[in-house]
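So the chains spell out like this:
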Amino acid sequence: MKILVTGGAGYIGSHVAKKLAESGHDVVIIDNLVKGHREAVLQGKFIEGDLADKGLLDRIMREEEIEGVIHLAAYSLVGESMEKPGMYYENNVANGLNLLEAMVKNRVRYIVFSSTAAVYGEPLEIPITETHPAVPANTYGESKLFFEKILERYDQIHDIRYISLRYFNAAGADSSGKIGEAHDPETHLIPIVLEKALGRRENLYIYGDDYPTADGTCIRDYIHVEDLADAHILAVKALKDGLDSRIYNLGNGEGYSVKEVINTAGEVVGKEIKAEIGERRPGDPAVLVASSEKIKKELGWEPLYPDLKQIIESAWRWHKGGGFRGND
């Protein structure tokens, strides 16, 4: 298939685009490079552009003869979303509508959507299944849930079939070592811990050690970014083969505490990584762990890198090699 990947120069998008190309798909990538990295695009045709540009989207769909879309372009910082909600609704919802309208106009019928576990809000039960109530606690999660609702309506009216993938904590780096996680500012735990180990970060904080967990720190579900990319390829194939629209969780089904992540990273890098205890952050649930049984059963997805140490080792190779430092 000829597939348009929006946000394909970003962390997850670049891994998805690479895997798609390696699987034999013809890949076209659009990214405005506000958050993404041009050097992360290793394969496929790259177009620098924004989803706010309706004419560009129409032209890409038409001239490139796009058959399906994987939509990853979005703002994704929870804290920022609570400070600038309009920016998140505009980019994550309104610009997504531009994409859907271009698909309708050019009769593109398949879309895989990058959603988030943040749609669930405070969990009522663990592990979290797809039937768990969606009550987002922040604007970021709400913007993703809004777009899922829009997809449902476009399927009903325009026969655009979709699979929405609700990610838990994406982590790790491509096995080639050529692409990995590089955000500015960095907000994800594993790269922050590794930056501390490399001396690139002065302070490492654990936000709260009095949660109702075994060691008092928050527990999260980490999924290797390559396993995440594989799920997108399975989703595209399933839609092409006639699967109807649906939602899947993507996680390992295993939870690791903040202290476990820091200690495991210390094992990987060969030295103790010291952290300071800080205050809890508002809205941080004690435990977030996914049930991914549905996608395993229906699409045959299985994570190849479920072990936390494997995930951190791949990230460490990437960060130790310099990442995109000096090339941003």
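Scroll up for the structure.
This structure is a prediction, so every number in the text was calculated from the model and none was measured.

## So, the environment of I126
Link 1 in the chain: Checked against the element boundaries, I126 lands in the loop between strand 5 (110–116) and helix 5 (139–158).
Link 2 in the chain: Exposure remark for I126: the relative accessible area of 43% places this residue in the partly exposed category.
Link 3 in the chain: Separated by 53 residues in the primary sequence, I126 and A73 place their C-alpha atoms 29 Å from one another.
Link 4 in the chain: Setting aside residues no more than four positions away along its own chain, I126 makes contact with V287, L288 and V289.

## Let's talk about the sheet that holds strand 14 (residues 287–288)
Link 1 in the chain: Strand order in the open sheet formed by 3 strands is 12-9-14, and the pairing between neighbours is mixed. At either end of the open sheet lies a strand with only one pairing partner, and these are strand 12 (256–257) and strand 14.
Link 2 in the chain: Here 2 bridges tie strand 9 (residues 219–220) to strand 14, and the two strands are oriented parallel to one another. Paired with R220 across the two strands is L288, which belongs to strand 14.

## As for the packing of helix 4 (residues 85–105) against helix 5
Link 1 in the chain: At a closest axis distance of 9 Å, the pairing of helix 4 and helix 5 adopts a crossing angle of 20°. Here helix 4 lies roughly parallel to helix 5, going by the angle between them. In the packing of helix 4 onto helix 5, the handedness of the crossing is right-handed. Across the interface between the two elements, P85, Y88, Y89, N92, V93, G96, L97, L100, E101 and V104 from helix 4 touch T139, Y140, E142, S143, F146, F147, I150, L151, Y154 and H158 from helix 5.
Link 2 in the chain: Of the residues belonging to the contact of helix 4 with helix 5, the class tally is 13 nonpolar, 5 polar and 2 charged.

## Concerning the sheet that holds strand 5
Link 1 in the chain: The sheet built from 7 strands is open, its strands ordered 3-2-1-4-5-6-11 with parallel pairing. Of all the strands in the sheet, just strand 3 (45–48) and strand 11 (246–250) have a single pairing partner and so form its edges. Put simply, the sheet's adjacent strands are angled 20° from each other on average, direction ignored.
Link 2 in the chain: Of the pairings in the sheet, the one linking strand 6 (residues 161–167) to strand 11 comprises 5 bridges and is parallel in character. Within strand 11, the residue paired with Y167 across the bridge is L250.
Link 3 in the chain: Contacts between helix 1 (residues 11–22) and the sheet are confined to strand 1 (2–6), strand 2 (26–31), strand 4 (68–71) and strand 6, with strand 2 contributing the most and set at about 165° to the helix.

## Re the packing of aromatic side chains
Both the distance between ring centres and the angle between the ring planes are used here to describe each pair of aromatic rings.
Link 1 in the chain: Enumeration over the complete set of coordinates arrives at 4 aromatic pairs.
Link 2 in the chain: With a centroid separation of 4.9 Å and 50° between ring planes, the pair formed by F113 and F147 is classed as tilted. With F113 in strand 5 and F147 in helix 5, the pair connects residues that are 34 residues apart, well separated along the chain. Across the pair, F147 and F113 agree in class, each one buried.
Link 3 in the chain: Positioned over the ring face of Y211 is R280, at 3.9 Å from the centre of the ring.

Conventions used here
- Residues numbered from 1 in each chain as written.
- Predicted model: local features only at pLDDT ≥ 70, side-chain atom pairs only at ≥ 80, totals over all residues.
- Heavy atoms only, no water.
- Helix = DSSP H or I, 4+ residues; strand = E, 2+ residues; numbered from the N terminus.
- Buried < 20%, exposed > 50% of the residue type's maximum accessible area, 1.4 Å probe, protein only.
- Contact = heavy atoms within 4.5 Å.
- Pairing = 2+ DSSP bridges.
- Axes fitted to C-alpha atoms, helices over the stretch in contact; angles between N-to-C directions.
- Parallel < 35°, antiparallel > 145°, perpendicular 65-115°, else oblique.
- Left-handed = near helix turned anticlockwise from the far one by under 90°.
- Nonpolar A, V, L, I, M, F, W, Y, C, P; charged D, E, K, R; others polar.
- Phe/Tyr/Trp six-rings, centres within 6.5 Å; stacked < 30°, edge-to-face > 60°.
- Lys NZ or Arg CZ within 6 Å of the ring centre and 35° of its normal.

So yeah, pure geometry; function would need other evidence.
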